[in-house]
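Summary of the model geometry
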Amino acid sequence: MKIGIDLGGTNMRVALVDGDVIRKRVIRPCPAKEAEAVVTGQLLDQIREVMNPEVTGIGVGVPSVVDAEKGIVYNVANIPSWQEVHLKDILEKEFGIPASINNDSNCFTLGVSVFGEGKAFKNMVGVTMGTGIGSGIIIDGKLYGGRNTGAGEIGALPYLTMDYEHYCSSGFFTKFHGRTGKEFGELASHGDPKALAVWQEFGQHVGDLMQVVLYTYDPDAIIIGGGIASAFSYFEKAMWEQLAKFPYPETVKRIQILPASLEDAALLGASAL
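The rules behind the values
- Residues numbered from 1 in each chain as written.
- Predicted model: local features only at pLDDT ≥ 70, side-chain atom pairs only at ≥ 80, totals over all residues.
- Heavy atoms only, no water.
- Core = buried A, V, L, I, M, F, W, Y, C linked by side-chain atoms within 4.5 Å.
- Buried < 20%, exposed > 50% of the residue type's maximum accessible area, 1.4 Å probe, protein only.
- Helix = DSSP H or I, 4+ residues; strand = E, 2+ residues; numbered from the N terminus.
- Contact = heavy atoms within 4.5 Å.
- Pairing = 2+ DSSP bridges.
- Axes fitted to C-alpha atoms, helices over the stretch in contact; angles between N-to-C directions.
- Expected span 1.5 Å × (residues − 1).
- Arc of directions from axis to C-beta.

1. What to know about the nonpolar core
- In this structure, Val127, Met129, Trp199, Phe202, Leu209, Met210 and Ile257 are the most contacted members of the largest nonpolar core, which totals 36 residues.
- Counting residues per element, the ones that place at least two in this core are β9 (124-129), α4 (164-168), α5 (171-177), α6 (181-189), α7 (193-216), β14 (221-225) and α8 (232-243).
- Take this core: its biggest share by element is ten residues, from α7.
- When near neighbours in sequence (up to four residues on either side) are disregarded, tryptophan 199 contacts Phe173, Gly181, Phe184, Gly185, Ala188, Ile228, Ala231, Tyr234 and Phe235.

Following this line, the structure appears as structure tokens:
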């Protein structure tokens, strides 16, 4: 058995994982504005709640730059006190079993690759669309994160007046159209023309983002996760129409772009580190 952890500024999610089955989970709000020791203390407490003698390792996904070899996390998003935390050392000292630390988008991608839609593909890119944009890369069946687990951070690439993250995440809806993506999803489900037009516009931006993935990685498949993945049907057509502008049509014919259906992909991926 393994313990998988998905650490975010909103929630700390800790699970006892047996293969591809989550046996027990503890989810609590993250004390993100508190001191480093407070955040770390709650994480250790949640791990203790699911720990048992059969656990052989701990995997953690963190929204930050990570020195995966040393298990050090830097400048964690939305947790200001976590500027440099030697998390691997802390966990191994406390529990006496191996710990692995990685970027949260990499954990999502690994989870999808090992347990979800990505199982069919040797080379794939996972793209998470939620509050921001994250991505992970699988090459020849193995996770590739780069030196600092930051390979594939395509959301930060310049695009139009800002970057892709501003146009391909939930911020697009509030910034440019004054409602949340969830609200536009509900309106679209009732056939609201304005909402459908907003999703079409969003899909065009996503199509441009997918072209970036094709140029840089040329994978077998792109798997989309995050909160926006559930609205895939509203922007899929516009995405493909924009992809038709890609200069290599055979590449577009062969690529598969799918929404992730695997629940708890990041937790499962963390447990597989």
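2. A short note on the sheet that holds strand β8 (residues 99-103)
- Here five strands make up an open sheet; going across it, the order is β3-β2-β1-β4-β8 and the pairing mixed. Unpaired on one side and paired on the other, β3 (21-29) and β8 mark the two borders of the sheet. Taken over all neighbouring pairs, the strand axes of this sheet differ in orientation by 15 degrees on average, direction set aside.
- As paired strands, strand β1 (residues 2-7) and strand β4 (residues 57-62) are joined by five bridges and run parallel to one another. Bridging across to β4, glycine 4 finds its partner in glycine 59.
- In the packing of helix α2 (residues 87-95) onto the sheet, the strands contacted are β4 and β8, and the crossing angle to β8 comes to about 150 degrees.

3. Things to note about unusual backbone geometry
- The residue asparagine 75 is not glycine, and still its phi comes out positive at about 50 degrees.
- By secondary structure assignment, the location of asparagine 75 is in the loop between β6 (72-74) and β7 (84-86).
- Phi is positive for leucine 160, close to 50 degrees, though the residue is something other than glycine.

4. Side note on α8
- Helix length check: α8 (twelve residues) gives 15 Å between terminal C-alpha atoms against 16 Å at 1.5 Å per residue, within 8%.
- If you check which residues of α8 are buried, you get Phe232, Phe235, Ala238, Met239, Gln242 and Leu243. The arc that holds the buried residues of α8, viewed along the axis, is 145 degrees, so those residues lie on one side. Across from the buried face of α8, at angles greater than 90 degrees, the exposed residues are Ser233 and Lys237.
- Where α8 is buried, its residues touch α7, β14, α9 (249-254) and β15 (256-259).

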